[in-house]
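Inside the fold
Chain by chain, the residues run as shown.
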Amino acid sequence: MNIILLGPPGAGKGTQASILVKERNMVQLSTGDMLRAAKTSGTEMGKKVAAVMDAGNLVTDEIVIGLIREQLEVQKDANGFIFDGFPRTLAQADALGELLAEMDEALDHVIELEVNEDVLVQRILGRAAEAVAAGGTARADDNEESLKIRLMAYYKQTSPLIGYYYAKGDLKSVDGLASMEDVAGSIKAALAT
Ligand code: AMP
């Protein structure tokens, strides 16, 4: 089974993806994690995307599609993929469809986590404060200024995917404001349909 978790930053995609990994032994493909790893290890690509990511803008389709293509090849025997934070544009959505088709795989479900904007802002700024309180550092893009840009990128570039997948008949929406356990339960129910 291959699924996409769709929703704005702070909607809980990463948290729910980890639960699915544990419960179903699926592979989580988070382009955000891959890009942060490239940034930390200082690869050429990492250096190229650092400023764009820190500001809260999307990196190019070419880069993220390349990352996903590579992971799909390396992990081709996986027991299903959870796409977390990818696709984020219509071009990425088309590319994903083609990549899966080349592997004789299909997209089984697109789960939209529905939230409201005030909650997102509180969650993300809370996540940054928690990281600092624990003696660590917050994500470079978990600040109010980058967050505004990330939300705008979501509404301008990513939210059209809701209509795209609805029209394809793949979309299921769940209430992302419920508790972590309840959201996990709603996702489980959606995947069983
Ligand atoms: P995330 O961890 O998913 O919130 O992603 C963090 C940042 O990485 C985003 O704000 C973008 O700058 C970049 N990024 C992650 N995934 C994508 C994607 N699919 N397309 C473009 N940029 C992405």
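About the thresholds
- Residues numbered from 1 in each chain as written.
- Predicted model: local features only at pLDDT ≥ 70, side-chain atom pairs only at ≥ 80, totals over all residues.
- Heavy atoms only, no water.
- 1 Å grid on protein atoms, 1.4 Å probe; cavity = no way out; pocket = protein on both sides within 12 Å on 5 of 7 lines; lining within 4 Å.
- Points joined across faces, edges and corners; volume = space filled by probe spheres on them.
- Helix = DSSP H or I, 4+ residues; strand = E, 2+ residues; numbered from the N terminus.
- Nonpolar A, V, L, I, M, F, W, Y, C, P; charged D, E, K, R; others polar.
- Expected span 1.5 Å × (residues − 1).
- Buried < 20%, exposed > 50% of the residue type's maximum accessible area, 1.4 Å probe, protein only.
- Contact = heavy atoms within 4.5 Å.
- Pairing = 2+ DSSP bridges.
- Axes fitted to C-alpha atoms, helices over the stretch in contact; angles between N-to-C directions.
- Near = heavy atom within 4 Å.
- Polar contact = N/O pair within 3.5 Å; in protein donor to acceptor, adjacent residues only side chain to side chain.
- Sits in = over half its atoms within 2 Å of the grid points.

Structural notes on the layout of surface pockets
Over the atoms a probe the size of a water molecule is rolled, and this reveals where empty space is left. Its volume calculated, the largest pocket comes out at about 860 Å³. Lining the largest pocket are 39 residues; nearest its centre among them are Pro9, Lys13, Arg127, Arg139 and Arg150. For the lining of the largest pocket, the secondary-structure elements that each account for two or more residues are helix H1 (13-24), helix H2 (31-41), helix H6 (117-133), helix H7 (144-158) and helix H9 (180-191). No other element matches H2, which puts five residues into the lining of the largest pocket. Classifying every residue of the lining of the largest pocket gives 14 nonpolar, 15 polar and ten charged.

Regarding helix H4 (residues 61-74)
The end-to-end C-alpha separation of H4 is 20 Å, in line with the 20 Å expected for 14 residues at 1.5 Å each. Those residues of H4 that fall on the buried side of the exposure criterion are Ile63, Val64, Ile65, Leu67, Ile68 and Leu72. Elements that come into contact with the buried residues of H4 comprise strand S2 (27-30), H2, helix H3 (44-55), strand S3 (81-84) and helix H5 (90-102).

Description of the sheet that holds S3
Strand order in the open sheet made by the five strands is S2-S3-S1-S4-S5, with parallel pairing throughout. Each having just a single partner strand, S2 and strand S5 (171-175) make up the two edges of the open sheet. Within the sheet, the average angular offset between the axes of one strand and its neighbour, ignoring direction, is 25°. Direction of pairing for strand S1 (residues 3-6) relative to S3: parallel, over a ladder of three bridges. Each residue of the ladder has a partner; that of Ile4, found in S3, is Phe83. Set on the sheet, H9 makes contact with S1, strand S4 (109-114) and S5; between it and S4 the angle comes to about 150°.

Quick word on the site of the ligand
The full set close to the ligand counts 15 residues, and Thr31, Arg36, Asn57, Gly85 and Gln92 are the nearest of them. One nitrogen or oxygen atom from the main chain of Val59 is found 3.1 Å from a nitrogen atom belonging to the ligand. One of the backbone nitrogen or oxygen atoms of Gly85 is found 3.0 Å away from a nitrogen atom of the ligand. With respect to the detected pockets, the ligand is housed in the largest pocket. With four residues, the top contributor of residues to the shell around the ligand is H2. Among the residues forming the shell around the ligand, the class breakdown is six nonpolar, five polar and four charged.

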